[in-house]
Amino acid sequence: MPIDIKNDSPDIALKKLKARESILRQFEEIAQLGSWEVDLVTKRSIWSKKSYEIYGLPYGSDVSIDTFFTMVLPAYLPKAKELFAQAMQTGKMLKFTCKLRRTDGEVRDFFINARVIYDAEKNPLKLIGTTQDITEISAIKEEAKDLATLLEHSSNEIYIVDMESLDYLYVNEGASAALGYTKEELLHMNVRDVSPFISTEEIKYLRKSLKNTKHAIVRSVHQRKDASRYPVQAYIHTLEYKHKHAYVIFDTDFSEIVRLEEEHKEQAELMEYQAYHDTLTGLPNRALFKDRLQQIIITSKRYKQKFALLFIDLDQFKKINDSLGHHVGDEVLIETAKRFQTILREEDTLSRLGGDEFTVILKNIKTKKDIAKVAQKLINSMKKPLATKHHTLHISSSIGISTYPDDASTQNDLIKFADTAMYKAKEEGRNNFQFYSSEMTERAFERVVLENSLRVAVKEKQFEAYFQPQYDAQKETIVGMEALVRWIHPHVGIISPGEFIPLAQESGLIIEIDKLVMQQAMEQFSQWYEKGLYPGVLALNLSMRQLNENNFITDLLETMDTYNFKASWLELEVTEGQVMSNPEQSIKKLSRLSKLGIEIAIDDFGTGYSSLSYLKKLPLSKLKIDQSFIRDIPKSEDDIAITKAIIALGKSLNLKLIAEGVETKEQRDFIVDNRCEYIQGYYYSKPLNSEAITHLLEAN
Ligand code: C2E
Ligand code: CA
Ligand code: CA
């Protein structure tokens, strides 16, 4: 309401004016607004108290329009001056914002509002105006603007949708770019157009949960304008937008994460596969085998079924690996796995435990015959020569079998027993299968104990060479000695070779043992010769295995050299069985020895299957008639006939003949009558230690 003071007394008029002034000041304070006027005639300025405060000047100090211009930041000055000049000329309302540096150095945003007042003759009288400090307001505006820009340009999709209709009220550039619609198009669309797979139920559920929590995270699929699709993760919030209940939705394209998730899954699956499979053959490995075995035990128990566990070991694998290399070994394993697999049923588990060890679990088996059939098929599958890149190999396998629940009902026992049976198969000459029996366990235990102590014995050289003299049957004089090993066990005493030689052969320890015997015997022979005694020829038992050692001949020559032992003093005995197991190779190896002047005798002759043609080709000098033929002479007609035949054969091949195991006078006479030149047997002497032999030689 305008205040009329024209008709008031000066006192009252002054009072009224003061009151008006006071109200103005209050307005200024509330609006952070300072008022001012410039007398355009006198150029004097009048500023309100609030104005001084806003500009940071002491109240009442001299101010003019120039005071204002000196404070305006240079960037705003030309515009400010121009606007002021314009306002003076046109009389129009002047409005502008600018930044000022106050006397305290602080820069603030001001909003200036001013107008020219004219007198009755239209001459400009005053410029009156207000200054508002809008620093805080512009800061908030600025921030809001920044935020809006940020959201607008964000690569994430941002939508504001009407809570009821789900129509889009706002979409950002990110949304338009992702979907291929223009923003205008989208603003005429609805959430369901973009997420066509979202069901009414889902929306219902979402609305409900958003009511409670105000925000939610969901995954859905967006469909672009070109109908292609991509997964999104949506973060939804409730808000008020332009006086409407709305949802703001932040959507992130999820395809990369989905891809990574899938990649992870695949990787995890691969890792799991690798953890449970043998990389070479792709078969289940030990871990998976054990897992399956456990499963089968459980199901077999429940359904009262039988199953069999087969342990398969390739017979010559180590040799192949060692001599031809791991590549060849790998090829063999891969091919073996293939062959086995073609024989087995889908439900049988073939695994590779490592090395050349395979296992098969035969599920739901009715009879032992069924198992035997499969085992035989597995063995037969190896009969066909196995062709690798550069070699054709002949490989066989030995199989041990344990059955559930007959032999055992626990994993460990089934494995142990199948393994034991497999060793039995090896013992039985390989290339066969054996069912487990309880006696095997005891034997296997003994074997393990024996093998361990045998190793210790080799290390501690608990062996001693005994000698058994060989006689000229007619003259009854010593012509040689066979070295026979004895194991002098620290607790057990003397152990004869029959008890440990087979295991020593199998474990390879025989090589070390024979080396020891050779050294002792050669040393002893040299000493006897040096003393002027005559022990004749030293007969050493030699396993083919040792002959196949690469450095055997070098070792032999070195030992001979060490003990001053002459080649002509030496005879090597190889059993018929071993020679004939690979006659071609025996011919090659033995010829090299024969060339050194060393004689070769065939031991245990008559127990193996010699072929006459090979006998002719072998560089032999002697046949040893096996003691099993002599034992029952003269009682057994058959043995008499065989012995006579062997002697005849030897003569025809121009070989020397020696009879082993001659114990009686009758046997000796029979031998002499049949013109066999040499005899070795208890009839003359048992194997004796060197001390006893020394006495014997000295007595001669
Ligand atoms: P072998 O080579 O056939 O040795 C002859 C075996 O017959 C010896 O048994 C000997 O004691 C035994 N013997 C000799 N005369 C008679 C007799 O009149 N009656 C009876 N009943 N037996 C007689 P030994 O010493 O127990 O050796 C057994 C086998 O062990 C040997 O059979 C040989 O194959 C093997 N062996 C012994 N020492 C060695 C060795 O140093 N190296 C290798 N590789 N094998 C050896
Ligand atoms: Ca012998
Ligand atoms: Ca013999």
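These numbers were taken from a predicted model, which means no experiment stands behind them.

Right, let's get into the coordination of the calcium ion (ligand 3). The calcium ion (ligand 3) binds to the protein through D603 (OD), D604 (OD), E660 (OE) and E660 (OE); the donor distances cover 2.2 to 2.4 Å. The distance between the calcium ion (ligand 3) and the calcium ion (ligand 2) comes to 4.2 Å, and D603 binds to both of them. Of the two residues, D603 is situated in strand β23 (residues 599-605) and E660 in strand β25 (residues 656-660); the sequence distance between them amounts to 57 residues. With respect to class, D603 is no different from E660; both count as buried.

A sheet is described by the order of its strands in space; here five strands give the open sequence β12-β13-β11-β16-β17, paired in mixed fashion. Looking at the sheet topology across the chains shown, the edges are occupied by β12 (349-354) and β17 (433-435). Direction aside, neighbouring strands of the sheet carry axes that sit 20° apart on average.

Our next topic: the coordination of the calcium ion (ligand 2). Donor atoms from the polypeptide that bind the calcium ion (ligand 2) are E482 (OE), N541 (OD1), E573 (OE) and D603 (OD), placed at 2.1 to 2.3 Å. When its relative accessible area of 3% is taken as the criterion, E482 is described as buried. Look at D603 and you get buried, because its relative accessible area is 6%.

Working definition: the strands of a sheet are paired by backbone hydrogen bonds and lie parallel or antiparallel to each other. Overall, antiparallel pairing links the five strands, which are arranged β2-β1-β5-β4-β3 in an open sheet. The open sheet has two edge strands with one neighbour each: β2 (45-47) and β3 (94-101). Between one strand axis and the next, the sheet turns through 25° on average, direction left out of account. Against the sheet, helix α1 (residues 10-31) touches β1 (33-39) and β5 (124-133), its axis set at about 125° to β1.

This paragraph deals with the site of ligand 1. In the region of ligand 1, 21 residues are neighbours, and Q468, D514, Q627, E663 and Y682 sit closest. One of the backbone nitrogen or oxygen atoms of V485 is found 3.0 Å away from a nitrogen atom of ligand 1. Between an oxygen atom of ligand 1 and a side-chain N or O atom of D603, the distance comes to 3.0 Å. Here ligand 1, which alone exposes 790 Å², has 83% of that area covered by the protein. Those elements that place two or more of their residues in the shell around ligand 1 are β19 (477-489), α18 (510-530) and β23. Sort the elements by how many residues they give to the shell around ligand 1 and β19 lands first, with four residues.

Okay, the nonpolar core next. F463, F467, L538, L540, L570 and L593 are the most contacted members of the largest nonpolar core, which totals 75 residues. Top contributing element to this core by residue count: α18, with ten residues. For L593, the contacting residues outside a window of four places in its chain are L542, L547, F552, I553, L556, L572, I598 and I600. One finds A308, A337, A375 and L378 within the second-largest nonpolar core, a separate group that totals 31 residues.

Turning our attention to empty space enclosed by the protein. Taking a probe equal in size to a water molecule and rolling it over the atoms shows the remaining empty space. Per the counting criterion, the structure on display carries three cavities of 30 Å³ or more. Computed from the structure, the largest cavity encloses a volume of approximately 260 Å³. Around the largest cavity sit 19 residues that line it, and V191, I198, L206, I236 and I249 are the ones nearest its centre. Ranked by residue count, the leading element in the lining of the largest cavity is helix α9 (residues 200-213), at four residues.

Let us look at the pattern of salt bridges. Applying the stated rule across the entire model yields 35 salt bridges. Across the pair E37 and K126 runs a salt bridge whose closest N-O atoms are separated by 3.2 Å. Taken as a pair, E37 in strand β1 and K126 in strand β5 lie far apart in primary sequence, 89 residues in all. E482 serves as the salt-bridge partner of K624, at 2.8 Å between the closest nitrogen and oxygen. Pair noted here: K624 is in strand β24 (residues 622-625) and E482 is in strand β19, with a separation of 142 residues, a long-range link. We classify K624 as buried; its relative accessible area is 0%. Three or more residues are tied together by salt bridges with common partners; here these are R102, D104, E106, R108, D133 and E136.

The next thing to look at is the layout of surface pockets. By volume, the second largest pocket amounts to about 680 Å³. Lining the second largest pocket we find 25 residues, and of these R20, L24, S35, W36 and E37 sit closest to its centre. Contributing elements (two or more residues each) for the lining of the second largest pocket: α1, β1, β2, β4 (107-118) and β5. Of all the elements, α1 adds the most residues to the lining of the second largest pocket, at seven residues. When its residues are assigned to classes, the lining of the second largest pocket shows 13 nonpolar, five polar and seven charged.

Moving on, we come to the pairing of β12. Summarising burial for β12: five of the six residues are buried, a large majority. Strand direction decides the pairing type here: β12 and strand β13 (residues 357-362), joined by five bridges, are antiparallel. By the bridge assignment for β13, L350 is matched with V360. Connecting the antiparallel pair β12 and β13 is a turn made up of two residues, with G355 showing a positive phi of about 55°.

Attention now goes to the packing of aromatic side chains. The geometry of an aromatic ring pair comes down to the distance between the two centres and the angle between the two planes. In this structure the tally under the stated criterion is 28 aromatic pairs. Ring geometry for F69 and F84: centres 5.3 Å apart, planes at 80°, overall edge-to-face. Of this pair, F69 sits in helix α3 (residues 65-71) while F84 is found in helix α4 (residues 77-90), placing the two residues 15 residues apart along the sequence. Overall, F69 belongs to the buried group, its relative accessible area being 12%. Judged by centre distance (6.5 Å) and plane angle (50°), the ring pair of Y235 and F250 falls under tilted. Taken together, the residues Y235 in strand β9 (residues 229-241) and F250 in strand β10 (residues 244-253) connect sequence positions 15 residues apart. Judged by relative accessible area, Y235 falls into the partly exposed class, the value being 33%. By way of ring pairs, the aromatic residues W47, Y52, Y55, Y59, F68, F69, F84, F96 and F110 are connected into one cluster. Over the ring of Y678 we find K622, and its NZ or CZ is 5.4 Å from the ring centre.

On to the environment of P619, then. Position of P619 relative to the elements: it lies in the loop between α23 (612-617) and β24. Distance from P619 to S195, taken between C-alpha atoms, is 93 Å for residues 424 residues apart in sequence. Dropping the residues within four chain positions of it, P619 is found in contact with I587, L590, S591, S594 and I600.

Cut-off values and rules
Residues numbered from 1 in each chain as written. Chains lettered and ligands numbered in written order. Predicted model: local features only at pLDDT ≥ 70, side-chain atom pairs only at ≥ 80, totals over all residues. Heavy atoms only, no water. Donors = N, O, S within 2.8 Å, 3.2 Å for Na, K, Ca; no water. Helix = DSSP H or I, 4+ residues; strand = E, 2+ residues; numbered from the N terminus. Buried < 20%, exposed > 50% of the residue type's maximum accessible area, 1.4 Å probe, protein only. Pairing = 2+ DSSP bridges. Axes fitted to C-alpha atoms, helices over the stretch in contact; angles between N-to-C directions. Contact = heavy atoms within 4.5 Å. Near = heavy atom within 4 Å. Polar contact = N/O pair within 3.5 Å; in protein donor to acceptor, adjacent residues only side chain to side chain. Areas by Shrake-Rupley, 256 points an atom, 1.4 Å probe, with all protein chains shown as cover. Core = buried A, V, L, I, M, F, W, Y, C linked by side-chain atoms within 4.5 Å. 1 Å grid on protein atoms, 1.4 Å probe; cavity = no way out; pocket = protein on both sides within 12 Å on 5 of 7 lines; lining within 4 Å. Points joined across faces, edges and corners; volume = space filled by probe spheres on them. Salt bridge = Lys/Arg side-chain N within 4 Å of Asp/Glu carboxyl O. Nonpolar A, V, L, I, M, F, W, Y, C, P; charged D, E, K, R; others polar. Phe/Tyr/Trp six-rings, centres within 6.5 Å; stacked < 30°, edge-to-face > 60°. Lys NZ or Arg CZ within 6 Å of the ring centre and 35° of its normal.

The quantities given are spatial measurements derived from coordinates; they are silent on function.
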